[in-house]
Amino acid sequence: QVQLVESGGGLVQTGGSLRLSCAASGRTFSSYALAWFRQAPGKEREFVAAITRSGGSTYYADSVKGRFTISRDNAKNTVYLQMNSLKPEDTAVYYCAAGRVWGWTQYEYDYWGQGTQVTVSS
């Protein structure tokens, strides 16, 4: 069982930056691929970024490539999402997720955090 708790969301102006963190419980953190998803009002949850168990590979949605960076610190049981050059269309609730293998869809992930709100004002 893995419990995930996100933090770092907030209100930021267009072009600004935020760093989200997701702290995980449990001693098997390094056994899980990790990902960030987001869900805007009235829209489906969508993939943002993922990182493999070792951190050796990362994957991004086209909409955030070059602006967002996912990273993990297995010693701290934490995954991060650095978000730069934020746009109003990045406004959403951001969720972190953990699964035995990484994937593009939410169905590959077994554990989810409660979400953190990111709002980008224009």
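Below is a short write-up of the structure. (Residues numbered from 1 in each chain as written. Predicted model: local features only at pLDDT ≥ 70, side-chain atom pairs only at ≥ 80, totals over all residues. Heavy atoms only, no water.)

Some details on the overall build of the chain
Link 1 in the chain: A tally of regular secondary structure across the chain gives zero helices and eleven strands.
Link 2 in the chain: When its helices and strands are written in sequence order, the chain yields β-β-β-β-β-β-β-β-β-β-β.
Link 3 in the chain: In terms of overall size, the chain behaves like a compact globule, its C-alpha atoms giving a radius of gyration of 13 Å where 122 residues would be expected to give roughly 14 Å.
Link 4 in the chain: Expressed along its principal axes, the backbone C-alpha trace of the chain runs to roughly 40 × 25 × 25 Å.
Link 5 in the chain: Taken across its 122 residues, the chain has 45% of its residues classed as buried.
Link 6 in the chain: Once local pairs closer than 6 in sequence are excluded, the contacts in the chain between residues at least 24 apart make up 57%.
Link 7 in the chain: Accessible area for the chain stands at about 6,200 Å²; split by element, carbon and sulfur atoms hold 46% of it.
Link 8 in the chain: In the chain, 12 side chains carry a positive charge and 9 a negative one; their mean positions are 7 Å apart. (Helix = DSSP H or I, 4+ residues; strand = E, 2+ residues; numbered from the N terminus. Rg over C-alpha atoms; globule rule 2.2 N^0.38 Å. Buried < 20%, exposed > 50% of the residue type's maximum accessible area, 1.4 Å probe, protein only. Contact = heavy atoms within 4.5 Å. Areas by Shrake-Rupley, 256 points an atom, 1.4 Å probe, with all protein chains shown as cover. Lys, Arg positive; Asp, Glu negative; His and termini not counted. Charge placed at Lys NZ, Arg CZ, Asp CG, Glu CD.)

A few points about the pairing of strand β11 (residues 116-121)
Within a regular strand, the side chains alternate between the two sheet faces.
Link 1 in the chain: Alternating residues of β11 divide into Thr116, Val118 and Val120, all buried, and Gln117, Thr119 and Ser121, none buried.
Link 2 in the chain: Here strand β2 (residues 10-13) runs beside β11; their pairing, made up of four bridges, is parallel. Bridge pairing in β11 links Leu11 to Thr119.
Link 3 in the chain: Looking at chain direction, strand β9 (residues 92-99) and β11 are connected through three bridges and run antiparallel. In the strand pairing of β11, Tyr94 is matched with Thr116. (Pairing = 2+ DSSP bridges.)

Some thoughts on the environment of Ala40
Link 1 in the chain: Within the fold, Ala40 resides in the loop between β4 (33-39) and β5 (46-51).
Link 2 in the chain: When near neighbours in sequence (up to four residues on either side) are disregarded, Ala40 contacts Thr91 and Ala92.

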